Amino acid sequence: MTGTSTPEGANAAQIAYWNDRAAVTWTTMQERLDALFAPITAVALQAAAPTPGEHVIDVGCGCGGTLIELARLVGPNGRAIGLDVSGPMSARARERLAQAGLTNAQVITGDASAHGLPAGQTDLLFSRFGVMFFDDPVAAFTSLRKPLRPGGRLLCAVWRPFADNPWFRVPMEAARPLIPPQPPVDPHAPGPFAFADGDRTLGILTSAGWQGAALVRHDVPMRIAAAGAVEEATDFALTMGPLGRLLREMPADAAVPVREAVRQALQPYDSPDGIILTGSIWLVSARA
Ligand SMILES: C[S@@+](CC[C@H](N)C(=O)[O-])C[C@H]1O[C@@H](n2cnc3c(N)ncnc32)[C@H](O)[C@@H]1O
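Right, let's walk through the structure included here.

Thresholds, definitions, all that
Residues numbered from 1 in each chain as written. Predicted model: local features only at pLDDT ≥ 70, side-chain atom pairs only at ≥ 80, totals over all residues. Heavy atoms only, no water. Helix = DSSP H or I, 4+ residues; strand = E, 2+ residues; numbered from the N terminus. Rg over C-alpha atoms; globule rule 2.2 N^0.38 Å. Buried < 20%, exposed > 50% of the residue type's maximum accessible area, 1.4 Å probe, protein only. Right-handed = clockwise from strand over helix to strand, strands pointing away. Pairing = 2+ DSSP bridges. Near = heavy atom within 4 Å. Polar contact = N/O pair within 3.5 Å; in protein donor to acceptor, adjacent residues only side chain to side chain. Areas by Shrake-Rupley, 256 points an atom, 1.4 Å probe, with all protein chains shown as cover. Nonpolar A, V, L, I, M, F, W, Y, C, P; charged D, E, K, R; others polar. Contact = heavy atoms within 4.5 Å.

**Considerations on the overall build of the chain**
From N to C terminus, the chain includes 12 helices and 8 strands. Relative to its length of 288 residues, the chain is compact, with a C-alpha radius of gyration of 19 Å against a globular reference of 19 Å. Projecting the C-alpha coordinates of the chain onto the three principal axes gives extents of approximately 55 × 40 × 35 Å. Within the span of the chain, comprising 288 residues, buried residues form 50% of the whole.

**Examining the pairing of strand 5 (residues 148-159)**
For strand 5, the tally of buried residues reaches 9 of 12 residues, placing the bulk of the element in the interior. Handedness of the crossover joining strand 4 (residues 122-128) and strand 5 through helix 7 (residues 137-145) is recorded here as right-handed. Strand direction decides the pairing type here: strand 5 and strand 8 (residues 274-287), joined by 7 bridges, are antiparallel. When the sheet's bridge partners are listed, alanine 157 is paired in strand 8 with leucine 283.

**What about the site of the ligand?**
In the vicinity of the ligand there are 18 residues, among which Gly60, Asp84, Asp111, Ala112 and Arg128 approach most closely. Here a nitrogen atom of the ligand and a backbone polar atom of alanine 112 are 2.8 Å apart. Protein contact buries 97% of the 590 Å² of open area that the ligand shows by itself. Class assignment of the residues belonging to the shell around the ligand gives a composition of 9 nonpolar, 6 polar and 3 charged.

**Concerning the side chain of aspartate 34**
Relative to the elements of secondary structure, aspartate 34 occurs in helix 3 (residues 30-36). Relative accessible area serves as the criterion here: at 18%, aspartate 34 is assigned to the buried category. Excluding its chain neighbours within four sequence positions, the residues that come into contact with aspartate 34 are Gly65, Arg96 and Arg128.

**Some details on the pairing of strand 2 (residues 79-84)**
The buried fraction of strand 2 amounts to 5 of the 6 residues, a majority that puts the element mostly inside the structure. In this sheet, strand 2 lies alongside strand 1 (residues 55-59) in parallel orientation, the contact comprising 5 bridges. Pairing of valine 56 across the sheet is with alanine 80, part of strand 2. Where strand 2 and strand 3 (residues 105-109) come together, 5 bridges link them in parallel fashion. Across the sheet, alanine 80 pairs through a bridge with alanine 105, a residue of strand 3. With helix 6 (residues 87-99) bridging strand 2 and its parallel neighbour strand 3, the resulting β-α-β unit is right-handed.

Printed below as a string of structure tokens:
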């Protein structure tokens, strides 16, 4: 696997997205996002239970937050490989591995569904929010099963439905009356909520040849800013994801009331522990 394109344009729209605007946002906000996702990283790594000497793959490793953790947990006799289609984000991950002095990990830039890794050598396929972006998820998960040894395990964190994720939903609902009407979204299209439908997710893995696929729901606190920092929380909500994209496309004067509506919607979540909204995920597990 070399470069960031695959034959016949598979995953082309997401490859473009993660090499353009999203790469700027995610590399700029990398420390903040790793802190925000810390409760999710903790439950996902506990469930994945990597042990010294294991070989692991981190799918869609982004700027390397979980890859670094995995490399530490498998230790010098283990190996961690990150796969990511974003050139800028995988470059950041490599820098961070070097800074951490981790020589048992590497990042391969390219489409994870066309990885070309050797068969049967990996103990654990892990991902924190890196598997929901494939045009053909059954084909991708069939391909991603191949590097696993028989009985090797899969553990992925994916978002549960939008309605159960106030940290996404509250700002979006506040903004909705003030933004142009949006076309209906295909709930299964590549994107953050593509694996939210649990039955469909289990079906994808089973069709891709994984055994014993299972889901566990976790609701976690997402601390989007410090106590009292409502302006900062508003900036964050207006930078990330679909709302950020919409705002960047709106004239500056039209964005002012959107910002005020989002600020007012976030205000009630201010507490002595920070501005905290719930995030809801599935931990998806299976065996090769
Ligand atoms: C939501 S970000 C998560 C990044 C990282 N796992 C984290 O938790 O910070 C999704 C990541 O998946 C990567 N990605 C999307 N489609 C991919 C593909 N087909 N192959 C490999 N990586 C992909 C993106 O480049 C991005 O880094």
